[in-house]
Amino acid sequence: MILIIDDEPALLTALSRIFTRRGEVALTAETVGQAVDAVLTFGGEISAIVCDWNLPDGVGEHVYDGLPPELRERFVLFSSDPQGIAHMTHRGVTAVFKPGIQDVVEAALTKAWS
């Protein structure tokens, strides 16, 4: 199961379809709060997390910081915010600059299948 966190509905739909076609179950969240709820409910089933930086109720780092260590290793930041990408890359997080949809799919699947 791949958790996709982004506040752009069209992007959530596109990524969900791509992951589903690749054989993964896609779970979506539009806010930090929804992401936290998803992790609490499905944490043991989540194989990778794709997360935007700018969310309505916080930033992707808030999601990352709330994750258990085993899920932090499976986190991919997917953002158009260069400062967010630089910050999270400095913390050792895999980051992909939007609109690299194929790049984020490959990064998430690499984590999910490792």
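Residues numbered from 1 in each chain as written. Predicted model: local features only at pLDDT ≥ 70, side-chain atom pairs only at ≥ 80, totals over all residues. Heavy atoms only, no water.

> Looking at this structure, I do not really get the overall build of the chain. What am I missing?
Helix and strand content of the chain: 6 helices and 7 strands. Seen in sequence order, the chain has helices and strands lined up from the N terminus as β-α-β-α-β-β-β-α-α-β-α-β-α. The C-alpha atoms of the chain give a radius of gyration of 12 Å, which matches the 13 Å a tight globule of 114 residues would have. Counting the 114 residues in the chain, one finds 50% classified as buried. The long-range share in the chain, meaning contacts at least 24 apart out of those at least 6 apart in sequence, stands at 63%. Only carbon and sulfur atoms are counted for the fraction: they give 54% of the accessible area of the chain, which is about 5700 Å². Charged side chains of the chain number 8 positive and 16 negative; the gap between the two group centres comes to 6 Å. (Helix = DSSP H or I, 4+ residues; strand = E, 2+ residues; numbered from the N terminus. Rg over C-alpha atoms; globule rule 2.2 N^0.38 Å. Buried < 20%, exposed > 50% of the residue type's maximum accessible area, 1.4 Å probe, protein only. Contact = heavy atoms within 4.5 Å. Areas by Shrake-Rupley, 256 points an atom, 1.4 Å probe, with all protein chains shown as cover. Lys, Arg positive; Asp, Glu negative; His and termini not counted. Charge placed at Lys NZ, Arg CZ, Asp CG, Glu CD.)

> What am I meant to see in the pattern of salt bridges here?
Side-chain pairing between opposite charges can occur once the charged atoms of the two side chains come close. Considering all chains together, one arrives at 6 salt bridges under this definition. Put simply, Asp6 and Lys98 hold a salt bridge, and the shortest N to O gap is 2.8 Å. Residue Asp6 is found in the loop between β1 (2–5) and α1 (9–21), and its partner Lys98 is found in the loop between β7 (94–97) and α6 (101–112); the two are separated by 92 residues along the sequence. Here Asp6 and Lys98 have matching classes, each one buried. The partner of Lys98 in a salt bridge is Glu8, with the nearest N and O atoms 3.3 Å apart. With Lys98 in the loop between β7 and α6 and Glu8 in the loop between β1 and α1, the pair connects residues that are 90 residues apart, well separated along the chain. What makes Glu8 partly exposed here is its relative accessible area of 40%. Taken together, the salt bridges that share partners define one network made up of Asp6, Glu8, Asp52 and Lys98. (Salt bridge = Lys/Arg side-chain N within 4 Å of Asp/Glu carboxyl O.)

> Explain the side chain of Ser16 here, please?
Topologically, Ser16 is positioned in helix α1. Within the structure, Ser16 has its side chain in polar contact with the backbone oxygen of Leu12 (distance 2.8 Å). Filtering out sequence-adjacent residues up to four positions away, Ser16 remains in contact with Ile4, Ala26 and Thr28. (Polar contact = N/O pair within 3.5 Å; in protein donor to acceptor, adjacent residues only side chain to side chain.)

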